Amino acid sequence: MSNIPASDNGTFLWMTYQAMSKAGLDCAAIFASVGMPDEPPDRSQRRINSPQQRFWDAAEMVSGDPDIGLRIGGMLPAWRGQVLEYLFLSSPTFGEGLERALRYSRLMTDAMQFQLRVEGERAILSGLSHPVRHYLECATCIVLRFLRHVSEADFQPQHIQFEHAEGASGTLYESVYRCPVVLGAEEGALVFPAALLDRASPAAEPELLAVHEKLALQKMADLARQDFLLTLERELGSLLEQGDASLDALAARVGRKPRALRAELEEAGTSFKQLLAGYRERLSRRLLARTQEPIDQILYLTGFSEPAAFTRAFKRWTGETPSAYRKRKQSENPDS
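Just so it is clear, the structure is predicted and the values come from calculations on it, not from any experiment. (Residues numbered from 1 in each chain as written. Predicted model: local features only at pLDDT ≥ 70, side-chain atom pairs only at ≥ 80, totals over all residues. Heavy atoms only, no water.)

Undergrad: Can you help me understand helix H8 (residues 170-177) in this one?
TA: Turn by turn, an α-helix covers 3.6 residues, leaving residues three or four places apart pointing in a common direction. Here H8 has its buried residues at Leu172, Tyr173, Val176 and Tyr177. Around the axis of H8, the buried residues are gathered within 110 degrees of arc, so they sit on the same side. Those residues of H8 that are exposed and angled more than 90 degrees off the buried face are Thr171 and Ser175. Among the residues trailing H8, arginine 178 stands out with phi positive, at a value near 60 degrees. (Buried < 20%, exposed > 50% of the residue type's maximum accessible area, 1.4 Å probe, protein only. Helix = DSSP H or I, 4+ residues; strand = E, 2+ residues; numbered from the N terminus. Arc of directions from axis to C-beta.)

Put into structure tokens, the structure is as follows:
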């Protein structure tokens, strides 16, 4: 159950879309690179992080800007209205707020693993590491502006350090981050005065802190349930190809007894039948809309025994036949 793809809070991509639109970029071309329409993304939908390379490669090509991630990051507003902000503000000190935010940082992203340590008079927030430079430099803007916002602008790094050796000019980094940047470092990190950790929070409130912590725990549990369902769906894919997509087979794959798995699915608000139907529908839609796979192959991949059963199910899901759906979707997106 551990190989869950890294993902980001949907607000990150929504903010990026807004900034790219404001910058006058061709969002249709950029978002099409990851199979998304030219419209503001759903803020409530968590996004898999793996397409970041394609996304930012398209953004650099469209903009002609080799520093596009940094420039777009500089246009993003502070991260607002999230449970991490409430946790921070209701904690007694900046340091306690930061520790709580790190504990629940997955609510923002799990594509980077943040840690805090103190070395003498320096505090080091490490974890600014990602294979896609543009994503990393844009995300660093979000982290930096968030910390400035919750500290009423008292947070000021001594410097930021990145592992990549080549990047923007020092002048551009300082204009966006308002501090020096060191490239080619052993670790990516924000380095700031440790004294800031003792800064009292004017909005500290023990009762509200308890409420916000409870909400954060609930949201973390929701993510864990999503991870669980995602793992089940990934196993369903291989079981469908083998022709044995049953509750018993799925339970064996994930090390559960069938009765226990059924109970876990009920607790997650679904059932094996709903899970299987939902996976088949999404896979069918994706294969028809984005590939030229023959219908026979789609039948095989989705576990249907014969074309008539597949057509009936697909019409129930979409109101269209598979061929009509494919024709319509691929005419809407001819480059798919």
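From this point, things continue past the structure.
Undergrad: Could you clarify how one ought to interpret the environment of aspartate 198 in this entry?
TA: As for its placement among the helices and strands, aspartate 198 is situated in the loop between strand E7 (189-193) and helix H9 (206-242). Distance in space between the C-alpha atoms of aspartate 198 and glycine 95 is 6.1 Å, their sequence separation being 103 residues.

Undergrad: What exactly am I supposed to notice about the sheet that holds strand E6 (residues 181-182) here?
TA: Paired through backbone hydrogen bonds, the strands of a sheet run either parallel or antiparallel to each other. Taken together, five strands build an open sheet; the order of strands is E3-E4-E7-E5-E6 and the sheet is mixed. Only two strands of the sheet have a single partner each, and these edge strands are strand E3 (115-119) and E6. Pairing between E3 and strand E4 (residues 122-126): five bridges, direction antiparallel. Directly across from valine 118, in E4, lies its bridge partner alanine 123. Sheet strands in contact with helix H6 (residues 94-103) are E3, E4 and E7, and its direction is about 145 degrees off that of E3. (Pairing = 2+ DSSP bridges. Contact = heavy atoms within 4.5 Å. Axes fitted to C-alpha atoms, helices over the stretch in contact; angles between N-to-C directions.)

Undergrad: I keep staring at the pattern of salt bridges and nothing clicks. Help me out?
TA: Oppositely charged side chains can form a pair if their charged atoms are brought close together. For the structure shown, the criterion picks out 21 salt bridges. A salt bridge links glutamate 235 to arginine 253; the shortest N-O distance between them is 2.8 Å. Taken together, the residues span a long stretch of sequence, with glutamate 235 in helix H9 and arginine 253 in helix H10 (residues 247-253) at a distance of 18 residues. A salt bridge links glutamate 264 to arginine 256, with the shortest nitrogen-to-oxygen separation between them at 2.5 Å. What emerges from the salt-bridge pattern is a single network uniting Glu96, Arg100, Arg103 and Glu213. (Salt bridge = Lys/Arg side-chain N within 4 Å of Asp/Glu carboxyl O.)

Undergrad: Explanation requested: the side chain of histidine 164 in the structure shown.
TA: As for its placement among the helices and strands, histidine 164 is situated in the loop between strand E5 (159-161) and H8. You can call histidine 164 buried: its relative accessible area is 17%. At a separation of 2.9 Å, a polar atom in the side chain of histidine 164 contacts the side chain of glutamate 137. In contact with histidine 164, other than residues within four places in its own chain, are Arg133, Leu136, Glu137, Tyr173, Leu183 and Gly184. (Polar contact = N/O pair within 3.5 Å; in protein donor to acceptor, adjacent residues only side chain to side chain.)

Undergrad: I'm lost on the side chain of glutamate 233 in this one. Help?
TA: In this structure, glutamate 233 sits in helix H9. Overall, the relative accessible area of 15% leaves glutamate 233 in the buried class. Here glutamate 233 is in contact with Leu275, Tyr279 and Arg282, once residues within four sequence places are set aside.

Undergrad: I'm lost on the packing of H9 against helix H12 (residues 272-290) in this one. Help?
TA: Think of two packed helices as two axes; the pair is described by the angle between the axes and how far apart they sit. Relative orientation of the contacting elements H9 and H12 amounts to 70 degrees, with a least axis distance of 10 Å. As far as their axial angle goes, H12 and H9 are roughly perpendicular. Of the residues in H12, those in contact with Leu229, Leu232, Glu233, Leu236, Gly237 and Leu240 of H9 are Phe272, Leu275, Leu276, Tyr279, Arg280 and Arg282. Considered class by class, the residues forming the contact of H9 with H12 number eight nonpolar, one polar and three charged. (Parallel < 35°, antiparallel > 145°, perpendicular 65-115°, else oblique. Nonpolar A, V, L, I, M, F, W, Y, C, P; charged D, E, K, R; others polar.)

Undergrad: I keep staring at the nonpolar core and nothing clicks. Help me out?
TA: Nonpolar side chains in soluble globular proteins generally cluster together in the buried interior. In this structure, Met20, Trp56, Phe94, Leu147 and Tyr177 are the most contacted members of the largest nonpolar core, which totals 66 residues. Considering every element that reaches this core, the biggest residue donor is helix H7 (residues 133-150), with 11 residues. Among residues more than four places away in sequence, those in contact with tryptophan 56 are Thr16, Met20, Ile68, Gly69, Ile72, Val132, His134, Tyr135 and Cys138. Of all hydrophobic cores here, the second largest spans 30 residues; its members include Leu236, Leu250, Ile298 and Trp317. (Core = buried A, V, L, I, M, F, W, Y, C linked by side-chain atoms within 4.5 Å.)

Undergrad: What is the right way to look at unusual backbone geometry in this model?
TA: If a residue is not glycine, its phi is most likely negative; likewise, a peptide bond is most likely trans. With a phi angle near 75 degrees, alanine 153 is a residue other than glycine that sits in the positive phi range. One non-glycine residue, arginine 178, lies in the positive phi region at around 60 degrees. Among the structural elements, arginine 178 can be located in the loop between H8 and E6.

Undergrad: Help me understand the environment of serine 238, please; the structure alone is not making it clear to me.
TA: With respect to the secondary-structure elements, serine 238 resides in helix H9. Sequence-wise, serine 238 and leucine 301 are 63 residues apart; in three dimensions their C-alpha atoms are separated by 8.5 Å. A distance of 3.0 Å separates a polar atom in the side chain of serine 238 from the backbone oxygen of glutamate 235.

Shape descriptors only; they carry no functional weight alone.
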